[in-house]
Amino acid sequence: MDCASLWLGLLLPVVAALDFRYHHQQEMEAFLKKVAQDYSSITHLHSIGKSVEGRNLWVLVVGHSPKEHRIGIPEFKYVANMHGDESVGRELLLHFIEYLVTSNGRDPEVTNLINNTRIHIMPSMNPDGFEAVLNPDCFYNKGRENSNSYDLNRNFPDAFEFNNVSRQPETVAVMKWLNTETFVLSANLHGGALVASYPFDNGVPATGTLYSRSLTPDDDVFQYLAHTYASKNPDMKKRKPCKTKIDSPSGIVNGYFWYPLKGGMQDYNYIWAQCFEITLELSCCKYPREEKLPGFWNDNKDSLLEYMKQVHIGVKGQVFDQNETPLPNVIVEVQDRKHICPYRTNKFGEYYLLLLPGSYVIEVTVPGHNPHLTKVTIPPKSQNFSALKKDILLPFRGQLDHIPESNPLCPMIPLYRDLQGHSVATKPSLFLFLVTLFHILFK
């Protein structure tokens, strides 16, 4: 280490080391506030709302400009404790926060990631459920629901069937939060299994349910994302690590193939928030003993970091008119993978499309005009924590004043209810056919 690096290390703030035990609301808040105070140049702490019992739903933002959106900087989020009985994810995210802020300026990879990503971390979505667990064990389930006895991961609008449950304050807060940011990639952390699950969690024949699965138009990307996390976790990629009926090759599984559920958050994120989200089941035991926590951290640290880096795959840019004015609310999608709720530019005219290496045709749609087509080729590897940058200049001038400034939400109805036919993504491959057959015969 040279003298300059040594002096830099001495000058950087040092947060008190976080111990490996379960931290309840008061302790968690104290830790988050201390981090926000000691690392104010790269962090911002805020609450997006309150739980049924009035506990704050804290979010810590980590990034070069943590309080404001920066053009071309994608938004990433981790959310833990979807179920109150999920304790490992909560502690992993607290340690991940500590790892990020203490590595900034010391570890080049983490420093570059913080400089080029706006990272949102919510350690607890269901704080009331966590506090309700008084005598935890592996199968203790009291804290799964919030204080109104609702499972928050069944509480979101559903794209496939009506979900007429009472929307809970925690759910409403998250839905509003998703509308305030341009989230691109996300993961929510659960427990009770050891697998990376990807959308869809619910489905209809048009998404492949006749083949015991439900696939998105971006299934190749979702499988890649799930593999990215699982491949870095030594236990997750084992076959049947929890000795359950589910057989998850390489540690990943399609949510519907595992078991269908209505009102899940990962489907809601993908359809209505334009955010690719997977569900990470991180422990066979829902509430493992505290002495096991260092092992969970060692098993997941690299996965948490590597998964977050994938927010920089694909293509990004802004859409402009001939006056070089950014255009909000313009539909930007790849020609052969349209979303049922079309993906649009944000208020800054930005778009982000997560794509694997290859050639694509981007279709930009403006009301009253023919689609504008742009060919792009995604290189094999993203460069310097940045997706391929492709700004799009539309051949229109002074004709787009009628485009709304804000992105109108797609209706909160079962959008897939009347969809007919199958996309290419839902047709069975030989591999998926064999996996499905094995599942049916031996489950």
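About the cut-offs
- Residues numbered from 1 in each chain as written.
- Predicted model: local features only at pLDDT ≥ 70, side-chain atom pairs only at ≥ 80, totals over all residues.
- Heavy atoms only, no water.
- UniProt positions renumbered as here; feature names shortened; annotations may be inferred.
- Helix = DSSP H or I, 4+ residues; strand = E, 2+ residues; numbered from the N terminus.
- Buried < 20%, exposed > 50% of the residue type's maximum accessible area, 1.4 Å probe, protein only.
- Contact = heavy atoms within 4.5 Å.
- Areas by Shrake-Rupley, 256 points an atom, 1.4 Å probe, with all protein chains shown as cover.
- Pairing = 2+ DSSP bridges.
- Axes fitted to C-alpha atoms, helices over the stretch in contact; angles between N-to-C directions.
- Core = buried A, V, L, I, M, F, W, Y, C linked by side-chain atoms within 4.5 Å.
- Parallel < 35°, antiparallel > 145°, perpendicular 65-115°, else oblique.
- Left-handed = near helix turned anticlockwise from the far one by under 90°.
- Nonpolar A, V, L, I, M, F, W, Y, C, P; charged D, E, K, R; others polar.
- Disulfide = S-S within 2.5 Å.
- Phe/Tyr/Trp six-rings, centres within 6.5 Å; stacked < 30°, edge-to-face > 60°.

The name an unreviewed UniProt entry assigns to the chain is Carboxypeptidase M, from the organism Sus scrofa. UniProt, in its Subcellular location (unreviewed entry) section for the chain, records the words "Cell membrane". The Cofactor (unreviewed entry) comment attached to the chain in UniProt states, word for word, "Zn(2+)".

Colleague: Teacher, can you tell me more about the overall build of the chain here?
Modeller: Along the chain, the regular secondary structure elements total 11 helices and 15 strands. Counting over 443 residues, the chain shows a buried share of 56%. Once local pairs closer than 6 in sequence are excluded, the contacts in the chain between residues at least 24 apart make up 76%. With an accessible surface of roughly 19,000 Å², the chain has 54% of that area assigned to carbon and sulfur atoms.

Colleague: I'm lost on the environment of Phe200 in this one. Help?
Modeller: You can see Phe200 is positioned in the loop between strand 6 (193-198) and helix 7 (219-231). Put simply, Phe200 and Asp267 are 67 residues apart on the chain and 5.9 Å apart in space, counted from C-alpha to C-alpha. Those residues within four positions of Phe200 in sequence are excluded, and the remaining contacts are Phe160, Thr207, Ser214, Leu215, Thr216, Asn254, Gly255, Tyr256, Asp267, Tyr270, Ile271 and Tyr416.

Colleague: What's the story with the sheet that holds strand 12 (residues 358-365) in this structure? I'm lost.
Modeller: Two modes of strand pairing occur in sheets, parallel and antiparallel, and in both the strands are linked by backbone hydrogen bonds. Within the open sheet, the three strands sit side by side as 10-12-13. Their pairing is antiparallel. Here the strands that pair on one side only, and so sit at the sheet edges, are strand 10 (331-334) and strand 13 (372-378). Going from strand to strand, the sheet's axes swing by 25° on average, the running direction of each strand aside. The pairing of strand 12 with strand 13 spans seven bridges and is antiparallel. Following the sheet pairing, Glu363 is matched in strand 13 by Leu373.

Colleague: I'm lost on the nonpolar core in this one. Help?
Modeller: Nonpolar side chains in soluble globular proteins tend to be buried together. If you look at the biggest cluster of nonpolar residues, it comprises 111 residues, and the most contacted ones within it are Tyr78 and Phe96. No other element matches helix 3 (residues 88-103), which puts nine residues into this core. The contact partners of Phe96, leaving out residues within four places of it in the chain, are Tyr78, Ile121, Trp297, Lys301, Leu304, Leu305 and Met308. With five residues, the next largest nonpolar core counts Tyr22, Phe130, Val133 and Tyr287 among its residues.

Colleague: What is the right way to look at the sheet that holds strand 1 (residues 43-50) in this model?
Modeller: Here we have eight strands laid out as an open sheet, ordered 1-2-4-3-5-8-6-7, and mixed in their pairing. Looking along the sheet, the strands with just one partner apiece sit at the ends: strand 1 and strand 7 (252-254). Averaged over all neighbouring strand pairs, the angle between strand axes comes to 20°, with direction disregarded. Pairing between strand 1 and strand 2 (residues 56-62): six bridges, direction antiparallel. Residue pairing in the sheet places His46 in a bridge with Val59 of strand 2.

Colleague: When you look at the packing of helix 4 (residues 108-116) against helix 10 (residues 293-309) in this model, what are you seeing that I'm missing?
Modeller: Two measures define how a pair of helices packs: the angle their axes make with one another and the distance between the axes. Contact pair helix 4 / helix 10: the axes reach a minimum separation of 11 Å and the direction vectors enclose 45°. Judged on the interaxial angle alone, helix 10 and helix 4 are oblique. Once helix 4 is placed against helix 10, the crossing between them reads as left-handed. Along the contact surface, helix 4 presents Glu109, Val110 and Leu113, while helix 10 presents Leu305, Met308 and Lys309. Across the contact of helix 4 with helix 10, the residue classes tally to four nonpolar, no polar and two charged.

Colleague: What's the story with the state of the cysteines in this structure? I'm lost.
Modeller: Note: disulfide means a covalent bond formed between the sulfur atoms of two cysteine side chains. Using the criterion set out here, one finds two disulfides in the structure. Here Cys242 connects covalently by a disulfide to Cys284, the sulfurs 1.9 Å from one another. The sign of the S-S torsion, about -85°, decides the handedness of the disulfide formed by Cys242 and Cys284: left-handed. A residue pair is termed long-range when its members are at least 10 positions apart, and Cys242 in the loop between helix 7 and strand 7 and Cys284 in the loop between strand 8 (276-283) and helix 10 qualify at 42 residues. Residue Cys284 is classed as partly exposed on the basis of its relative accessible area of 35%.

Colleague: How should the packing of aromatic side chains be read in this particular structure?
Modeller: Given two aromatic rings, their pairing is described by the distance between the two centres and the angle made by the two planes. Counted by the stated rule, this structure contains 21 aromatic pairs. Seen in terms of ring centroids, Phe76 and Tyr78 are 4.7 Å apart; in terms of plane orientation they differ by 85°. Their pairing is edge-to-face. Phe76 gets classed as buried once you look at its relative accessible area, which sits at 0%. Arranged with centres 6.1 Å apart and planes meeting at 70°, the rings of Tyr99 and Trp297 form a pair that is edge-to-face. Of this pair, Tyr99 sits in helix 3 while Trp297 is found in helix 10, placing the two residues 198 residues apart along the sequence. Each of the two residues, Tyr99 as well as Trp297, counts as buried.

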